[in-house]
Every structure is written in C-alpha cells, then in structure tokens.
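The residues making up each chain are set out below.
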Amino acid sequence: NMGLKEKRIAVIGENRYEWELAYLSIVCGTGIVVPLDKSLPENELENLIKRSKVEAIFYSKKYEKALEQIKDNKDNTLKYLISMDLEKNKKDIYSQKQLIEEGKKLIKNGNKEFENAKIDPEKMSIMLFTSGTTAKSKAVALCHRNLCENLMGMNDVLYNFTCEDKMLSFLPVHHVFECTAGFLLSLYKGMCTSFADGPRHIVENLREYGITFMVCVPALYEIMYNSILKKLEKAGK
C-alpha cells in the first residue's frame, strides 16, 4: 500500500529476527531485496543506496542518524525509512512492528494482495553487492530459482537435518553464504534459529541454545579446535 510493489528495498542491521522477516516480506511478493553490509562506512552506504536505486530501507537503531541524513540528500531515490526497533511510527520514520499490525488488519479485512502475489522464479528479486575488497563493489542479480536450486543442492548433502535441529546464526546474514547456507536452509529444513550474542559468546551460545548446526568459516573452527586441545592438554588428557 506504500507504492513499493516491484521496487528495490534495502535491509541493514545485525543478525536478528526482524532482519530475516524484512527480507522475506520483500522477496515473497513485494519487490527486490538489497541486503547491505552492516559494517559499511556512511559514504559507502550512501553510494550503494544511490547506485541500487532503493526506495525504502529496513534498518536497526544504530543506522538511524546516518540514514536520515542520506534521505535528506535529494541525490537518491530513498523515500521510506523503516525502523526495526521503533514501537510506533514517528515523524518521517515507519515502525516495522506497526506496519506488521497494519498488514494483519488489511488481511483480516479481506485484502489478499500480498498473500496472493505471484512470484516469477526467473525474475531478479535479490540484488547483492560484492565485498569490494579488490575493486568497487559490483551488483549481482539473483532470482528465486538461483537460491532455491542452491538450497535443494545443499539438501542433497545435508539430508539428515530435520526440524528437531537448532541452528546458530553468527556470520553476517547480508552475505550470501550465511543467507543461503544458514538463514534460508534453516527455514527450508524447519530448524529453530538462534542468534549469537557475539564472537566471545559462541561456545556459551552453543551450549545455552542446544545448537546442532552452525554455518561458519575454517578460521573460527580452528580457533575452537585449538582451544579445546589446549584445555585437554592442561587437564593432562
């Protein structure tokens, strides 16, 4: 109802439930999702918003000031700021929570436009930016079929995971590896997802949440492995 059908909508923030909800709300019938790196400096964030021609952005609290300044700059297409943390709309900022409640009312009153939205599996619905470590960030266009093929391929390897498994989300969810092998695969398999409290708390979180599945990088596994070996040696085992 905000005129964002088929438009580009960005998401930025730490790994959290609201991030994933925003992502799915966009790709499941609204428009094109543009996941942005949460560690971007302000000038690069503005540059990617401008280049991707996003018209709305979901964000967590720490980005509010920067995004308000970017929106005030008329040199981009950004129209709507949507906060993951606000309880209610304020001034020119929308509350994700309030939008959800308004959406529920629309559905209850018979508006099935979102629920019945037809998805073209071949059409671009995800715009990813490369990390830009060797050159300027490049935009990568992905469609539903790209991600679904990837998920089904992973399922052939990780077929023994079930809805009884519990996943720990740690790597940045804007990155395609965590987004597919973590977030979307967990959802596809019906797992429960817990969000890590930070690098120092991973081992603690693994125990606390009863984690059986985690997507990570070799360096972190090596640190954990060496830590375990040191404790075993210290204990004379």
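Described below are features of the structure shown in this document. (Residues numbered from 1 in each chain as written. Predicted model: local features only at pLDDT ≥ 70, side-chain atom pairs only at ≥ 80, totals over all residues. Heavy atoms only, no water.)

### Describing unusual backbone geometry
For Glu 6, which is not glycine, the phi torsion reads 70° and is therefore positive. Counting through the fold element by element, Glu 6 comes out in the segment before strand 1 (8-12). Owing to a relative accessible area of 43%, Glu 6 belongs among the partly exposed residues under this scheme. Backbone geometry at Lys 91 places phi at a positive 45°, although glycine is not the residue there. Here Lys 91 lies in the loop between strand 4 (80-83) and strand 5 (93-95). (Helix = DSSP H or I, 4+ residues; strand = E, 2+ residues; numbered from the N terminus. Buried < 20%, exposed > 50% of the residue type's maximum accessible area, 1.4 Å probe, protein only.)

### With respect to a nonpolar patch on the surface
On the surface, Tyr 225, Ile 228, Leu 229 and Leu 232 cluster together into a nonpolar patch covering about 380 Å² of accessible area. Structurally, Leu 229 is set in helix 8 (residues 218-234). The exposure class of Leu 229 is partly exposed, given its relative accessible area of 33%. (Patch = residues over 30% accessible without salt bridge, like charges linked within 9 Å, V, L, I, M, F, W, Y side chains within 5 Å. Areas by Shrake-Rupley, 256 points an atom, 1.4 Å probe, with all protein chains shown as cover. Salt bridge = Lys/Arg side-chain N within 4 Å of Asp/Glu carboxyl O.)

### Focus on helix 8
Each full turn of the α-helix corresponds to 3.6 residues, which orients residues three or four apart in the same direction. Its 17 residues give helix 8 an end-to-end C-alpha distance of 24 Å, which sits within 8% of 24 Å, the value for a rise of 1.5 Å per residue. Among the residues trailing helix 8, Gly 236 stands out with phi positive, at a value near 75°. (Expected span 1.5 Å × (residues − 1).)

### A short note on the packing of helix 5 (residues 144-157) against helix 6 (residues 176-189)
Where helix 5 meets helix 6, the axes come as close as 10 Å, and the angle between the chain directions of the two elements is 75°. As the angle between them shows, helix 5 and helix 6 are arranged roughly perpendicular. Between helix 5, through Leu 147, Asn 150, Leu 151, Met 152, Met 154 and Asn 155, and helix 6, the contact on the second element is made entirely by Thr 180, Ala 181, Leu 184, Leu 185, Tyr 188 and Lys 189. (Axes fitted to C-alpha atoms, helices over the stretch in contact; angles between N-to-C directions. Parallel < 35°, antiparallel > 145°, perpendicular 65-115°, else oblique. Contact = heavy atoms within 4.5 Å.)

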